[in-house]
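In case you want the letters, here they are:
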Amino acid sequence: MAPEIVLAAQEQQQSTQPKSVKKGVEGEAKPTREAEKKDEQTPTAAKSTATRTETFVFGIPQNGLTKKERQVPLDEPPPLAQNSELKYIGKPTPRYDGMAKATGRGKYTADIQLPGMLYARMVDATIPHGRITSVDTSAAEALPGVKAIHVIEHTFGIAALRDPKQEAPSKYPVIRYAGQPIAAVAATSPQIASDAAALIKVTYDRMPFVVDKQDARAPDAPTVFPGPADAEGSAGGGGGPKNVPQVGNVHGPERKKVGDVDKGFSEADAVVEGEYFTQVQTHSALETHGFVVDWKPEEVTVYASTQGTASVRDEFAEVFKLPKSQVRVITEFMGGGFGAKFGAGNEGVVAAHLSRKAKLPVKLMLDRKQEHIVCNRPDSHQKLKIGAKKDGTLTAISLTSYGTAGVGTGAGTAGPATNLYKCPNLLTEEYDVFINAGPGAAFRAPGHPQGCFAFEQAIDELAVKLDMDPMDLRDKIDESPTRRVERKIIRERTNWKTRKAAGVDTGPVKRGMGIAQSVWYRFINMDSSCEVRVSRDGSVEIMSSVQDLGTGTKTLLAIVVAEEFGISPADVVIRIGDTRYPIGPNSGGSVTAGSITPAVRNASYQARQKLFAAAAPKLSTTADNLEMRGGKVVFKNDESKSYSLKQIAAKMPTSEISARVTRGPEYAKERITYGGVDYVELAVDTETGRVHIEKVFGAHDCGRPINPLGVISQINGGILQGISYALFEDRVMDRKQGYMLNANLENYKIIGAREVPEIEIELVENYIAQSSTDAAGIGESAGIITLAAAIGNAFYNATGVRMRKIPMTPANVLAALGRVSQEETA
Amino acid sequence: MSDTPKIEVSRRGFLKGAGLTAATTVIESASALARDAKEAMQPDRSVGPDAVPVKLHVNGQEHTVTIEPRYTLAETLRDHLGLTGTKVVCDRGSCSACTVWLDGTPALACMTLGIDAVGRKITTIEGLTQGAEMHPVQVAFVKHDAMQCGFCTPGMVMTCAALLERNHDPKLADVKHAVSGNLCRCGTYPKVFAATLDVAQQHQRAAYLLTLNPAKEA
């Protein structure tokens, strides 16, 4: 039984990770119960290197901390104490680059200006499906100021036919979605580039198309591909299963099976069953996808708005057959990614072609419309059935889901159903449906917000059927000790105890409360290297190619280094986002904090040990008699001897001491998931159909929090994106013309200031003794997974009606309440 | 690449990035503003489509830039003056990332033509910082972590600072109303509210202390 569940978890890993990091990621996401049993079989640090035994603080403070012994490699530092005993780790620390951001001086990719730089503009397909018969660039070439034009021969990000011979060969790629890039022009100003792009004439042979998922499933629907096609884990992550059956546009199923669901349902005392619908959500990062490429014969310099400088370097090297040593990627400031910005992408490759042709640097930033089309979270149509005993014990879960990632794959939704609770019988079947629309990409907890919307509402429905409090039911079926603590916090600190029965409010405005839970996985990217350097003047730098997407990575690293050297985080110089430094992890799937911080702490420790060894003779002592205490270097045998880092560094015989470290394996693999519980209070106006979120309380876990200030910012963001997803956002496709109707920020509605509820967050410290920092990311499990489900549960509590469709726009709400017919909202 | 940002960035530093346009700088005066505004208003004067030299008064200094009449103020500031703190996100007036002040009032630089800003006092996010001193709203944004990726932050700061100019004692609803046009994708809104209200409270406290001890004002 275990292998299927392990497979399920590995799939989650693939759908989140860009392909370039897959090899380096430890495959360790398995449901907790399986891993606990198998821990002794899993290779860990103890098996490969010389180690010593250390005793770590372990567990959750609310439950009482315990101790745990681990084998630790000899060159790794001693265990950290719990946060309350540390000087910088766990203390709210202002963002390292906060000043640069608040004053507008941070230079994002969109802000890069190089001498002689050209501005590029893409030409996109104006039809949803067809073949290009000609591309005439002559008028554009004749326009003064135009320096280079590139016509695309291979489009990235689209699934590929298993048998390419099923399509007649052509100079141009087949157009499979409106907005697909065709060509690009580089000119001396953005305005000339736009003028020139409008002069490029493209002629097409149109083909039948389909942009509605339901229509696309019909046997006689136009097909997006003439035969079976699979998506590479695209540069933006994503990518579904390969070599599964495909009939027409329906690709799948990917089937996961544990036990026997028929037997499980026959043993059930209660069964809930429902269909759930979620919409396509676009990432809508404020900085669009974009690159500045400066192609020089000796080195290609790429400024990229990316979540993975390493992934960009890898893809540039691969596409252009360049040695990696000749590709330099820089991301100093980055205006949001949310999962969609990895690799070179069409825009990066095109910018490089243009720069090579023009022999000048080229900036290519997508415009807002293109940004809506380049990536999205797939939609879903899920049929979910859960069976349980009278006491709540789950007996069977079956889930069938259809989702569309446009011309890509990766619309699976089974993560929560598979990994949230213990259930002996499970069957999930996930289908991708191709339509003529832009490709899906990894988006904050791929598949989980969709899956959770259905699954956590079904669990609540089950609680109603079993006449149990939804919290009590979860206490019964949830094995996670962390979420148990989180539920307890919510019971104590919210209005949960005053929760009324569903739909008892008599006025037109009805209030309710609900909860939902998330699960995410401890992924570790082993490509996590850094160098820590101490100079003789006592200044400390840390270098890694890892990037800061706005999640606060720079601050995180500053804190870890500061703790080790006893200096203020503000005094550590952070040099990241440049592939000239040791290669760090790409930031997807919440891997960054858990992957890079142990390397950074270990490097800091090693540099400090080297420093002690170098300075000790000049202090007439030995290195092992020196230790850091209260921000000072002191003699262990004589506390009156106390020095600042500056004083010690001055004794170095060389001008610098440095240590370069690559992350080692986990000390153990007991803890492999993270999760949170979110509580929502809302009001539903049953006359206008408006849903107003009044309060959110989130209890969350990211292992050992390094910077609570930044973590809470990120959880706020997950919660607000979750509300935005649940209530407002919706990609609208024109069924007759085949393009996105609302590719802008006024008709594609994202949450604004006036829709922000009161938010309260409690961070649960969770010491797992698996690395030298015990840190973990929070990007995925923070709010985005749970909010739609928690809102759905609160909506039910308010109205007695179950919302099985998002976004909960007034039209959809009034339809669910029976105030208008379903047809009127279609 | 990632040096700790220090606040002492010279005007020259700002201009260096421009590259494309030679910009000349003199200290502005009120009469110069009025003169430029009058010139720009000449009814018989038509310009374009070719580039024309115009004088813009940005952050207390006068710049001459050569721009086509179709260039937006956002493009002019970013591509010609190197003032890239003003961000372009939607480029059609729906997100407020490009918020600057024209004569002290928030305006969308993506919806304003560069030539229409002639004769007006333009303040950008860079102009909020006086020498080595950040504006109190900027300080509060850092303190409260009212930013994540930071791309909406300059626009948010400009909007919130303008609110505090016209309303010294805003309530939460006033702040929400003021930034209701500023979109943020990372979800920094709660901390934007907290930062702005914090500055307002500091103002109130300072004003209260001054009332208690008027001598200190001198």
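You'll find the structure just up there.
How each quantity is defined
- Residues numbered from 1 in each chain as written.
- Chains lettered and ligands numbered in written order.
- Predicted model: local features only at pLDDT ≥ 70, side-chain atom pairs only at ≥ 80, totals over all residues.
- Heavy atoms only, no water.
- Phe/Tyr/Trp six-rings, centres within 6.5 Å; stacked < 30°, edge-to-face > 60°.
- Helix = DSSP H or I, 4+ residues; strand = E, 2+ residues; numbered from the N terminus.
- Buried < 20%, exposed > 50% of the residue type's maximum accessible area, 1.4 Å probe, protein only.
- Lys NZ or Arg CZ within 6 Å of the ring centre and 35° of its normal.
- Pairing = 2+ DSSP bridges.
- Axes fitted to C-alpha atoms, helices over the stretch in contact; angles between N-to-C directions.
- Contact = heavy atoms within 4.5 Å.
- Polar contact = N/O pair within 3.5 Å; in protein donor to acceptor, adjacent residues only side chain to side chain.
- Right-handed = clockwise from strand over helix to strand, strands pointing away.

Remarks on the packing of aromatic side chains
Residues and elements named next belong to chain A.
- Under the counting rule described, the total for this entry stands at 15 aromatic pairs over all chains.
- Between Phe225 and Phe434, the aromatic rings sit 4.8 Å apart at their centres with planes inclined by 70 degrees, giving edge-to-face as the arrangement. Remark: Phe434 occurs in the loop between strand 20 (426–433) and helix 14 (448–465) and Phe225 occurs in the loop between helix 8 (213–216) and strand 10 (229–230); sequence separation between them is 209 residues.
- Looking at Phe225, the relative accessible area reads 2%, which means it is buried.
- An aromatic cluster is built from Phe291, Trp295, Phe316 and Phe320, whose rings are joined through pairwise contacts.
- The cationic tip of Arg377 hangs over the ring face of Tyr725; the distance from NZ or CZ to the ring centre is 5.6 Å.
- Taking the ring centre of Phe333 as reference, the NZ or CZ of Lys554 above it sits at 3.9 Å.

What to know about the sheet that holds strand 17 (residues 362–365) of chain A
Residues and elements named next belong to chain A.
- The strand order across the open sheet formed by seven strands is 6-8-4-17-14-15-16, and the pairing between neighbours is mixed. Only two strands of the sheet have a single neighbouring strand rather than two, namely strand 6 (146–151) and strand 16 (327–330). Averaged over all neighbouring strand pairs, the angle between strand axes comes to 20 degrees, with direction disregarded.
- Pairing of strand 4 (residues 118–124) with strand 8 (residues 181–187), which is carried by six bridges, proceeds in the antiparallel orientation. Residue pairing across strands places Arg121 opposite Val185, the latter belonging to strand 8.
- Sheet strands in contact with helix 7 (residues 190–199) are strand 4, strand 6 and strand 8, and its direction is about 25 degrees off that of strand 4.
- Along the sheet, helix 10 (residues 309–320) makes contact with strand 14 (290–295), strand 15 (300–304) and strand 16, crossing strand 16 at roughly 150 degrees.

Quick word on unusual backbone geometry
All names here are of chain A.
- For the peptide bond that leads from Gly252 to Pro253, omega is 15 degrees, which places it in the cis range.
- Looking at the element boundaries, Pro253 is found in strand 12 (residues 250–258).
- Geometrically, the link from Ile806 to Pro807 is a cis peptide bond, its omega value of 5 degrees lying close to zero.
- Even without glycine at this site, Asp774 takes up a positive phi of about 65 degrees.
- Along the chain, Asp774 turns up in the loop between strand 34 (758–764) and helix 21 (787–799).

Side note on the side chain of A:Thr93
Residue and element names in this part refer to chain A.
- If you trace the backbone, Thr93 turns up in the loop between strand 3 (66–73) and helix 5 (98–102).
- Thr93 gets classed as buried once you look at its relative accessible area, which sits at 12%.
- In this structure the side chain of Thr93 is engaged in a polar contact, spanning 2.8 Å, whose partner is the backbone oxygen of Lys91.
- Excluding its chain neighbours within four sequence positions, the residues that come into contact with Thr93 are Tyr88, Thr555, Ile559, Pro569, Asn707 and Leu709.

Some words on the pairing of strand 15 of chain A
Residues and elements named next belong to chain A.
- With five of its five residues buried, strand 15 lies for the most part within the structure.
- Here strand 15 shows a buried face lined by Val300, Val302 and Ala304 and a second buried face lined by Thr301 and Tyr303.
- When strand 14 meets strand 15, the two strands line up antiparallel, connected through five bridges. Each residue of the ladder has a partner; that of Trp295, found in strand 15, is Val300.
- Bridge analysis of strand 15 against strand 16 gives four bridges, and the strand direction is parallel. Looking at strand 16, one finds that Val300 is bridged to Val327.
- The parallel pair strand 15 and strand 16, bridged by helix 10, forms a crossover whose chirality is right-handed.

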